[in-house]
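Spelled out, the chains give:
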Amino acid sequence: MSEKEIKVSITSLAYNQENYIATAIESFVSQITDFEFEILINDDCSTDRTAEIIKEYEARYPGKVIGVYHDENQYSKGIKPGVALRKMARGEYIAFCEADDYYTDPYKLQKQVDYMDAHPECSICTHAVTTVDSYGNPTPKLVRHNRGDRDYNAAEVITLGENNFATNSMMIRKKFDEEYPEFYHKCPVGDYPMQVFMTMNGYLHYIDEFMSCYRVNADASWTNRIQSDDKKLLKMYGGMIESLKLMDEYSKGKYKKEIEGRIGRYQLLSSLISHNIFGVYKWTFKADKKGLGKLIKLGCVVPTAYYLTRKVRTAIRRKKYKDK
């Protein structure tokens, strides 16, 4: 294939996902389009059969499925393998899908390309996503941001935070993927700052159709490894705060209100972990109880509420001390 023939580059990151990788690749090669596309898969030094499976598909689809392999795990060295993978991309557009997720609509790529070709000011296109558990059973959770198609600007994307659009729903213009500002590189996650940066250069279009599937709590997934370790969570929240501050500098305060809201959330979550009550937070957040649960959720959105909770806690401690 020549570079001119490639319209879309699908990029996929894999690590120890031998149980899922074939499903992902099958969903890629099954896409029906009126243009050529390539599939770039990065195997981050898996210790199972993931790399072997990718090579099998390379042999079946020469020039279409392209594997990238490492002798050392890149993520553990602080390297984001997705950045190097996207630099290899020859397409005008880049689509994403982690190796434990998969596409469900054979016309997904075509629908997104059709919209972006017709709307050159659109820098990123996403859609609704269904979910399954690690065994492939459907779950009730849906990643659906609106009932009906809708456009989003940078302020709205910043406010969404980690409740952002699913990575496997994203398609971006490669021309904006060349040089990212410092807030992207400092962020411990990649999809959120990417979505913010893309909307700073255009807008995000959401298609209200379920066209891919996210595997919740998949084996060896990044989310699974982080959520189960408080130290890793604290490090991640610290990185998010640092990235958001750099984002504020980069945008010259244009989104200060939205950014401060996100910083307040991560400060609150860090405080809850440090005081060993993060489990209580997660329970109240899910249970949607009155009192503490609603106060915590308010503190996650409104920075002043976070500081209010700190003041209340300090006042209670002082009163207890005086009463002794």
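All of these numbers come straight from a predicted model, not from anything done at the bench.

J.: What is the right way to look at the overall build of the protein in this model?
T.: Secondary structure summary: the protein contains 13 helices and 9 strands in total. The buried share of the protein, reckoned over its 324 residues, is 49%. Excluding contacts between residues fewer than 6 apart, the proportion of contacts in the protein whose partners are at least 24 apart in sequence is 78%. As presented, the protein carries roughly 16,300 Å² of accessible surface, and 53% of it is formed by carbon and sulfur atoms.

J.: I keep staring at the pattern of salt bridges and nothing clicks. Help me out?
T.: Oppositely charged side chains are able to pair whenever their charged atoms sit close together. Enumeration over the complete set of coordinates arrives at 14 salt bridges. Between arginine 49 and glutamate 52 there is a salt bridge, and its shortest N-O distance comes to 3.3 Å. Take arginine 49: its relative accessible area is 37%, and that puts it in the partly exposed class. Look at glutamate 52 and you get partly exposed, because its relative accessible area is 41%. Its salt-bridge partner being glutamate 156, residue arginine 150 comes within 2.8 Å of it at the nearest N-O pair. The class for arginine 150 is partly exposed, based on a relative accessible area of 29%.

J.: When you look at the packing of aromatic side chains in this model, what are you seeing that I'm missing?
T.: To describe a pair of aromatic rings, one takes the distance between the centres and the angle between the planes. For the coordinates displayed, the defined rule picks out 9 aromatic pairs. An angle of 5 degrees between the planes, with centres 6.4 Å apart, marks the rings of tyrosine 57 and tyrosine 61 as stacked. Taking the relative accessible area as the measure of exposure, tyrosine 61 reaches 25% and is therefore partly exposed. Looking at arginine 150, its charged tip hangs above the ring of tyrosine 152, at a distance of 4.1 Å from the centre.

J.: It is not clear to me how unusual backbone geometry should be interpreted in this structure. Could you clarify?
T.: A negative phi angle characterises most non-glycine residues, just as the trans form characterises most peptide bonds. The phi dihedral of asparagine 16 falls on the positive side, at around 50 degrees, and the residue is not glycine. Despite not being glycine, lysine 252 has its phi angle at roughly 55 degrees, a positive value. The topology assignment puts lysine 252 in the loop between helix 9 (230–250) and helix 10 (256–274). Classification of lysine 252 as exposed rests on a relative accessible area of 74%.

J.: Is there a simple way to think about the pairing of strand 9 (residues 203–215) in this case?
T.: Every other side chain in a regular strand lies on the same face of the sheet, so the side chains alternate between the two faces. Counting buried residues along strand 9, 10 of its 13 residues qualify, which places the element largely inside the surrounding structure. Relative to strand 9, strand 5 (residues 102–103) runs antiparallel, the two being bridged by 2 bridges. Within the sheet, the bridge partner assigned to tyrosine 102 lies in strand 9 and is cysteine 213. In terms of strand pairing, strand 6 (residues 122–132) meets strand 9 through 10 bridges, oriented parallel. Bridge pairing in strand 9 links isoleucine 124 to leucine 204. With 3 bridges joining them, strand 7 (residues 150–152) and strand 9 adopt antiparallel strand pairing. Of the residues in strand 9, the one forming a bridge with tyrosine 152 is leucine 204.

J.: Can you walk me through helix 7 (residues 191–200) in this structure?
T.: The periodicity of an α-helix, 3.6 residues per turn, causes residues three or four positions apart to be oriented the same way. Burial runs high along helix 7: 8 of the 10 residues are buried. Looking at helix 7, one finds that the buried residues are Tyr192, Pro193, Met194, Gln195, Val196, Phe197, Met198 and Thr199.

J.: Explanation requested: the pairing of strand 4 (residues 93–96) in the structure shown.
T.: Along strand 4, one buried face is formed by Tyr93 and Ala95 and the opposite face, lined by Ile94 and Phe96, is buried too. Sheet topology note: the strand 1 (residues 6–14)/strand 4 ladder contains 4 bridges and is parallel. Residue pairing across strands places valine 8 opposite tyrosine 93, the latter belonging to strand 4.

J.: Would you mind going over the environment of valine 113 with me for this structure?
T.: Topologically, valine 113 is positioned in helix 4 (residues 108–118). The contacts of valine 113, once residues within four sequence positions are left out, are Lys7, Val8, Phe35, Tyr93 and Met171.

J.: Would you take a moment to explain the nonpolar core for this structure?
T.: A general feature of soluble globular proteins is that nonpolar side chains tend to end up buried together. The biggest cluster of nonpolar side chains holds 45 residues, and the ones touching the most others in it are Ile172, Tyr192, Met194 and Met247. The set of elements that each furnish at least two residues to this core consists of strand 4, strand 6, helix 5 (154–160), helix 6 (182–186), helix 7, strand 9, helix 9 and helix 10. Setting aside anything within four residues of it in sequence, one finds methionine 194 in contact with Arg86, Phe96, Met170, Ile172, Asp177, Tyr180 and Tyr184. Residues Ile10, Ile25, Phe37 and Tyr103 belong to the second largest nonpolar core, which totals 31 residues.

Definitions and cut-offs
Residues numbered from 1 in each chain as written. Predicted model: local features only at pLDDT ≥ 70, side-chain atom pairs only at ≥ 80, totals over all residues. Heavy atoms only, no water. Helix = DSSP H or I, 4+ residues; strand = E, 2+ residues; numbered from the N terminus. Buried < 20%, exposed > 50% of the residue type's maximum accessible area, 1.4 Å probe, protein only. Contact = heavy atoms within 4.5 Å. Areas by Shrake-Rupley, 256 points an atom, 1.4 Å probe, with all protein chains shown as cover. Salt bridge = Lys/Arg side-chain N within 4 Å of Asp/Glu carboxyl O. Phe/Tyr/Trp six-rings, centres within 6.5 Å; stacked < 30°, edge-to-face > 60°. Lys NZ or Arg CZ within 6 Å of the ring centre and 35° of its normal. Pairing = 2+ DSSP bridges. Core = buried A, V, L, I, M, F, W, Y, C linked by side-chain atoms within 4.5 Å.

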